[in-house]
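Observations on the three-dimensional arrangement
Read off the chains here:
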Amino acid sequence: MKAPLPGLVFRRLTRADVPAADRLREFAGWNQTPRDWEGYLEFEPEGCLAVELDGRVVGTATTIT
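Residues numbered from 1 in each chain as written. Predicted model: local features only at pLDDT ≥ 70, side-chain atom pairs only at ≥ 80, totals over all residues. Heavy atoms only, no water.

A word on the sheet that holds strand β3 (residues 56-62)
Operational definition: Each pair of strands is called paired provided DSSP finds at least two bridges between the two strands. The helix count covers DSSP runs of H or I at least four residues long, the strand count covers runs of E at least two residues long, and both are numbered beginning at the N terminus. Here an angle of 0 to 180 degrees is reported between the N-to-C directions of two axes, which are lines fitted to C-alpha atoms, with helices fitted over the stretch in contact.
Read across the sheet, 3 strands follow the order β1-β2-β3 without closing on themselves; strand pairing throughout is antiparallel. In this open sheet, the two edge strands, each paired with only one partner strand, are β1 (8-12) and β3. Averaged over all adjacent pairs, the angle separating strand axes in this sheet is 25 degrees, with direction ignored. For strand β2 (residues 48-53) and β3, the ladder comprises 6 bridges, and the chain directions are antiparallel. Bridge assignment links leucine 53 to a residue of β3, and that residue is arginine 56.

Listed below in structure tokens is the structure:
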């Protein structure tokens, strides 16, 4: 997938990304917990995405069927 902005990298979210996802959650005021992120990864790993900029997770998206 071609990134819309130079330097953005789209990839699968991993368990190692849960702390970064939780920091984004805290910043944005979302209600997920680290256990929620882990559950998404267990249930639909292909539907969990991370967006990186300069090696840092700056966005996430999850889809669950």
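Continuing now.
Regarding the environment of arginine 35
Keep this limit in mind: Any pair of N or O atoms that falls within 3.5 Å is considered a polar contact. Within protein, one atom must be able to donate a hydrogen and the other to accept it, and sequence-neighbouring residues count only if both atoms are side-chain atoms.
Within the secondary structure, arginine 35 sits in helix α2 (residues 34-43). Between the C-alpha atom of arginine 35 and that of glycine 47, which follows or precedes it by 12 residues, the distance is 16 Å. In terms of polar contacts, arginine 35 uses its side chain to reach the side chain of glutamate 42, at 3.1 Å.

Remarks on the nonpolar core
Here is a general trend for soluble globular proteins: nonpolar side chains tend to be buried in one another's company. What counts here: The term nonpolar core refers to a set of buried residues drawn from Ala, Val, Leu, Ile, Met, Phe, Trp, Tyr and Cys, joined through side-chain atoms within 4.5 Å. A 1.4 Å probe rolled over the protein chains alone gives each residue an accessible area, and that area as a share of the maximum for its type sets the label: buried under 20%, exposed over 50%, partly exposed in between. By definition in these notes, contact holds between two residues if any of their heavy atoms fall within 4.5 Å.
Counting residues in hydrophobic clusters, the biggest one holds 11 residues: Leu13, Val18, Ala20, Ala21, Leu24, Trp37, Tyr40, Leu41, Cys48, Ala50 and Val57. Top element by residues in this core is helix α1 (residues 18-28). It accounts for 4 residues. Those residues in contact with tryptophan 37, other than ones at most four positions away along the chain, are Leu13, Val18, Ala21, Asp22, Trp30, Gln32, Thr60 and Thr62.

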